[in-house]
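# Survey of secondary and tertiary structure
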Amino acid sequence: MSRKIYTWVVLAALVVTFVGVLGLEVARGASLPGDVALGPFTLRDLLFYLFAALTLAGAGATAFSKNIVYSAIGLLGALTGAGAIYVFLSADFLAVAQLLVYIGGVLVLILFAVMLTNRITEVTVSNVSLGVPGGVALLVATAPVLAFVALATPWPTRTPDPLAPTTRAIGNAFLTQWLLPFELASLVLLATLIGAVIIARKELKADEPDPSLR
Amino acid sequence: MLHVGLQHFLLLGALLFSLGLVTVATRRNAVGVLMGVELILNGANVNFVAFNHYVTGGVSGQVFALFVIVLAAAEAAVGLAIVLSIFQTFRSIDVRLADTMRE
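Residues numbered from 1 in each chain as written. Chains lettered and ligands numbered in written order. Predicted model: local features only at pLDDT ≥ 70, side-chain atom pairs only at ≥ 80, totals over all residues.

### Some remarks on the overall build of chain A
Which entries qualify depends on this criterion: Secondary structure follows DSSP: runs of H or I at least 4 residues long count as helices, runs of E at least 2 residues long count as strands, and numbering of each begins at the N terminus. Counts of 20 or more other C-beta atoms within 10 Å of a residue's own C-beta define buried residues, counts of 12 or fewer define exposed ones, and intermediate counts define partly exposed ones; C-beta atoms are placed from the backbone. Our contact criterion uses C-beta atoms placed from the backbone: two residues qualify when those atoms are within 7 Å.
Across its full length, chain A holds seven helices and two strands. Along its sequence from the N terminus, chain A presents helices and strands in the succession α-β-β-α-α-α-α-α-α. Scored against the burial criterion, the 214 residues of chain A give a buried share of 25%. For chain A, the share of sequence-separated contacts (at least 6 apart) that also reach a separation of at least 24 residues comes to 58%.

Written out as structure tokens, the structure is:
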């Protein structure tokens, strides 16, 4: 029963995310003033905290859920939230790429692997973690150090540029300054395609009948 | 500290990285380990884009983040193919069972 409620909460959070991102885009397209003051916060701050909370909740579910399917759903929340965060940083093309590649590709691939490798009846058994106490200890050991570095270092910040479309600039950068890495990346993708097929296919001996024909 | 600045994004990236590290370290399910790797790469990406927006300007950080996304997709494809192969061999994806080459 509680699991069902949990699933619905995650689904509701996803819907809220979608509506929020869409609303942000519409608000910007209508050139509304970007900073609507709501008490001590602005609208931008509140939306950031909402998406950061979604991201961290999803990541926490991925890290600590006992059920691998719920871990995958948590990963969906984390990736969606991170994609929404990119919009705050004037990276609209990256946000769309995150949606297409991660949520449309990687996450579906992961769910596919979960369904193929788990006998559904032992889903909870096959995701036994090495121990939640150990995980919490590791989190307590690493997160404060990184947070301290992020907060205490005097970063040489500058006034950020106003939000603007980046697709044209990214295309130009790919085909001039980053041309060699771009071509190498396409070679890597080709090698990946071939390698994944070769690794994942079943070996068929010549004298054995094809099991799919039985 | 109330208004969102560079530190907020760095903090988010750090927490994503930590949770991903915990996932990689505590999972015995190989698919779960791959999920942790995705979380770690996303934490790094948030940092790249945040520094690009608040420190350097331009689009270099975003281009780097795009390369990370491409390589993460490649890594996921090959990693899951290896997981399926391990599952066909050992009938399990517990990473502690696949230690044949340790001796």
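So much for the structure itself; the text now carries on.
### Description of the environment of Thr56 of chain B
All names here are of chain B. As for its position among the elements, Thr56 is in helix α2 (residues 30-56). For Thr56 and Val24, which are 32 residues apart along the polypeptide, the C-alpha to C-alpha distance reads 32 Å. Contact partners of Thr56, with chain neighbours within four places excluded, come to Phe51 and Gly61.

### Here we look at the confidence of the model for chain B
Put simply, the test is: Confidence of the predictor in every single residue is expressed as pLDDT, which spans 0 to 100.
Averaged over all residues, the pLDDT of chain B equals 88, while 97% of them reach at least 70. We note a pTM of 0.81 for the whole complex and an ipTM of 0.90 for its interfaces.

### Some details on helix α7 (residues 179-200) of chain A
What counts here: Expected span of a helix: the number of residues minus one, times 1.5 Å.
Helix length check: α7 of chain A (22 residues) gives 32 Å between terminal C-alpha atoms against 32 Å at 1.5 Å per residue, within 8%. For α7 of chain A, a buried count of one out of 22 residues is recorded, marking the element as mostly open to its surroundings.

### Side note on the environment of Asp45 of chain A
As for its position among the elements, Asp45 of chain A is in helix α2 (residues 43-64). Placed 135 residues apart in sequence, Asp45 of chain A and Leu180 of chain A show a C-alpha to C-alpha distance of 39 Å.

### Let's talk about the environment of Leu47 of chain A
Residue and element names in this part refer to chain A. Looking at where Leu47 falls in the secondary structure, it is placed in helix α2. Sequence separation between Leu47 and Phe88 is 41 residues; the distance between their C-alpha atoms is 9.2 Å. The contacts of Leu47, once residues within four sequence positions are left out, are Gly20 and Leu24.

### Observations concerning the packing of helix α4 (residues 92-117) of chain A against helix α3 (residues 60-90) of chain B
In plain terms, the rule: Fitting a line to C-alpha atoms yields each axis, with helices limited to the stretch in contact; the angle taken between N-to-C directions then spans 0 to 180 degrees. Here is the rule for angles: anything less than 35 degrees is roughly parallel, anything more than 145 is roughly antiparallel, 65 through 115 is roughly perpendicular, and the remaining ranges are oblique. Following the grouping adopted for this structure description, the nonpolar residues are Ala, Val, Leu, Ile, Met, Phe, Trp, Tyr, Cys and Pro, the charged ones are Asp, Glu, Lys and Arg, and the polar ones are all others, Gly among them.
As a packed pair, α4 of chain A and α3 of chain B sit with axes 10 Å apart at the nearest point and diverge in direction by 10°. As judged from the angle between their axes, α4 of chain A and α3 of chain B are roughly parallel. The segment α4 of chain A lies against α3 of chain B, with Leu94, Ala97, Gln98, Val101, Tyr102, Gly105, Val106, Leu109, Ile110, Ala113, Leu116 and Thr117 of chain A engaging Gln62, Ala65, Leu66, Ile69, Ala72, Ala73, Ala76, Ala77, Leu80, Val83, Leu84 and Phe87 of chain B. By residue class, the composition of the contact of α4 of chain A with α3 of chain B is 20 nonpolar, four polar and no charged.

### A short note on the interface of chain A and chain B
Contacts between chain A and chain B engage 76 residues on the former and 62 residues on the latter. Where the side of chain A that touches chain B is concerned, the elements lending two or more residues are β2 (41-42), α2, α3 (68-88), α4, α5 (132-152), α6 (167-175) and α7 of chain A. Considering each element in turn, the side of chain A that touches chain B owes the most residues, 13 residues, to α4 of chain A. When the residues that make up the side of chain A that touches chain B are grouped by side-chain class, the tally is 51 nonpolar, 20 polar and five charged.

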